[in-house]
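A structural walkthrough
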Amino acid sequence: MPFYQMLCIASHFREYKHIKELVTMSAKHIMDQGGVVRNIEYWGTRTLPQPMRRHRQVYTIGDYWTMYFDTSPHGLKSLTGVIRRDPRVIRWTMVKQGDKVGDVVLPREKTVMRMDYLNPPRDGPTSWSGLDL
């Protein structure tokens, strides 16, 4: 399954429950479609760069959050339809990160770090200048 990132700007409410319901609904929708939610990050409430219109309202403040997930293209299309109809969502975008998580994560480096070069011997000199490396 492809690996995606969704960035969403939701309308700001004084109660936190509205954003929590939106995030929960989005994550459950992905999982119901057979996908996997990898990470959800809340970026906070911010002033929008310009007034934005959505669902016949004008917004100047929004709650930013992002979700990383794996899903099929059909699941992505289905989530887009749900997000499009939700009146709490001002803007959203979905970016394909890779065909699988392994394409996005960098491979481990095969280096060896010897800690004995960083720490002086306990029974030897106490200053670095006295060490013969």
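This text goes with the structure placed above it.
Since this is a predicted model, take the numbers as computed values, not measurements. Within each chain, residue numbers correspond to sequence positions counted from 1 in written order. Given that this is a predicted model, residues contribute local features only at a pLDDT of at least 70 and side-chain atom pairs are listed and counted only at 80 or more, while totals for whole chains, interfaces and linings are drawn from all residues. Side-chain metrics rest on all non-hydrogen atoms present in the structure, leaving aside hydrogens and water.

Let us now look at the sheet that holds strand 1 (residues 3-11). An order of 2-3-1-4 is seen for the 4 strands of this open sheet, with the pairing classed as antiparallel. The two strands at the open ends of the sheet, each matched to only one other strand, are strand 2 (36-54) and strand 4 (89-98). On average, each strand axis in the sheet is inclined to that of its neighbour by 20°, with strand direction left out of account. For two strands to be treated as a pair, DSSP must find no fewer than two bridges joining them. Strands are runs of DSSP state E lasting at least two residues, helices are runs of H or I lasting at least four, and both sets are numbered from the N terminus onward. Sheet topology places strand 1 next to strand 3 (residues 57-70); 9 bridges connect them, and they run antiparallel. Each bridged residue has a counterpart across the sheet, and for Gln5 the counterpart in strand 3 is Tyr68. Any pair of residues with heavy atoms lying within 4.5 Å of one another is described as a contacting pair. Axis angles are defined between N-to-C directions and span 0 to 180 degrees, where every axis is a line fitted to C-alpha atoms and, for a helix, only to the segment in contact. Sheet strands touched by helix 1 (residues 17-32): strand 1, strand 2, strand 3 and strand 4. Its angle to strand 3, the strand with the most contacts, is close to 35°. Packing of helix 2 (residues 73-85) onto the sheet brings it into contact with strand 1, strand 2, strand 3 and strand 4, and relative to strand 4 it is tilted by some 165°.

This part is about unusual backbone geometry. Positive phi, close to 55°, is recorded for His55, a residue that is not glycine. The classification of residues rests on relative accessible area computed with a 1.4 Å probe and restricted to protein chains. Under 20% of the type maximum is buried, over 50% is exposed, and intermediate values are partly exposed. Since its relative accessible area comes to 36%, His55 is described here as partly exposed. The backbone phi angle of Arg56 is positive, close to 65°, even though this residue is not glycine.

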